[in-house]
Amino acid sequence: MDKILKHFGMENSKKGDLPIHHIVKLNKTQSPSTDEEIANMSQVPYNSTIGLIMYVVTCTRSDVSYALSLVSRLLGNPSRAHWTIVK
């Protein structure tokens, strides 16, 4: 996990609690709808981050699997709010 955080320049980021809080609401209505929002999110490595987290879940951190299942549902059109949750 430390290597993944370093890869994305997040090694000094604030660590959150796991599993994901029940107050976190993720849905498709949060997805970008304007061309500017879509272009902005196209620069975010959302899909590759989800893939790397899947690797970690499979190998070592089964406690992350529920949170991962929530954020992976939005791979098609993630928003900044979704990206914040992943980070």
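Please refer to the structure higher up on the page.
Residues numbered from 1 in each chain as written. Predicted model: local features only at pLDDT ≥ 70, side-chain atom pairs only at ≥ 80, totals over all residues. Heavy atoms only, no water.

**Q** What am I meant to see in the overall build of the chain here?
**A** When helices and strands are tallied, the chain shows 5 helices and 0 strands. In the chain, the order of α-helices and β-strands from amino to carboxyl end is α-α-α-α-α. Residues counted as buried form 30% of the 87 residues belonging to the chain. When the accessible area of the chain is evaluated, it comes to approximately 6,200 Å², of which 55% is carbon and sulfur surface. (Helix = DSSP H or I, 4+ residues; strand = E, 2+ residues; numbered from the N terminus. Buried < 20%, exposed > 50% of the residue type's maximum accessible area, 1.4 Å probe, protein only. Areas by Shrake-Rupley, 256 points an atom, 1.4 Å probe, with all protein chains shown as cover.)

**Q** What is the right way to look at the packing of aromatic side chains in this model?
**A** The relation between two aromatic rings is expressed through the spacing of the ring centres and the mutual angle of the planes. Summed over all chains, the structure comprises 1 aromatic pair. Centroid distance tyrosine 46 to tryptophan 83: 6.3 Å. Interplanar angle 55°. Geometry classified as tilted. Here tyrosine 46, found in helix α3 (residues 46-59), pairs with tryptophan 83, found in helix α5 (residues 80-86); they are 37 residues apart in sequence, far enough to count as distant. Overall, tyrosine 46 belongs to the buried group, its relative accessible area being 1%. (Phe/Tyr/Trp six-rings, centres within 6.5 Å; stacked < 30°, edge-to-face > 60°.)

**Q** It is not clear to me how the side chain of serine 31 should be interpreted in this structure. Could you clarify?
**A** You can see serine 31 is positioned in the loop between α1 (2-7) and α2 (35-41). A polar contact of 2.6 Å, which involves the side chain of serine 31, links it to the backbone oxygen of asparagine 77. The contact partners of serine 31, leaving out residues within four places of it in the chain, are Asn77, Ser79 and His82. (Polar contact = N/O pair within 3.5 Å; in protein donor to acceptor, adjacent residues only side chain to side chain. Contact = heavy atoms within 4.5 Å.)

**Q** I keep staring at the environment of valine 44 and nothing clicks. Help me out?
**A** Of note, valine 44 is situated in the loop between α2 and α3. Accessibility expressed as a relative area gives 14% for valine 44, which makes it buried. Considered as a pair, valine 44 and arginine 80 are 36 residues apart in the sequence and their alpha carbons are 8.8 Å apart. With sequence-adjacent residues up to four places away left out, valine 44 is seen in contact with Arg80 and Trp83.

**Q** I'm lost on the side chain of serine 72 in this one. Help?
**A** Considering the arrangement of structural elements, one finds serine 72 in helix α4 (residues 65-72). One polar contact links the side chain of serine 72 to the main-chain carbonyl oxygen of serine 69, over a distance of 3.2 Å. In contact with serine 72, other than residues within four places in its own chain, are Ile50 and Met54.

**Q** Looking at this structure, I do not really get α4. What am I missing?
**A** Think of an α-helix as turning once every 3.6 residues; residues three or four places apart then point the same way. Within α4, burial applies to Ala67, Leu68, Leu70, Val71 and Ser72. Residues of α4 that are buried make contact with α3 and α5.

**Q** I tried to follow the packing of α3 against α4 on my own but got confused; where do I start?
**A** In a pair of packed helices, the angle between the axes and the distance between the axes together describe the arrangement. Their axes nearest at 10 Å, the elements α3 and α4 cross at an angle of 155°. Judged by the angle between their axes, α3 and α4 are roughly antiparallel. Seen from above, α3 lies across α4 with left-handed handedness. Between α3 and α4, the residues in contact are Tyr46, Ile50, Ile53, Met54 and Val57 and Ser65, Leu68, Val71 and Ser72, respectively. (Axes fitted to C-alpha atoms, helices over the stretch in contact; angles between N-to-C directions. Parallel < 35°, antiparallel > 145°, perpendicular 65-115°, else oblique. Left-handed = near helix turned anticlockwise from the far one by under 90°.)

This is a description of form; function is not addressed.
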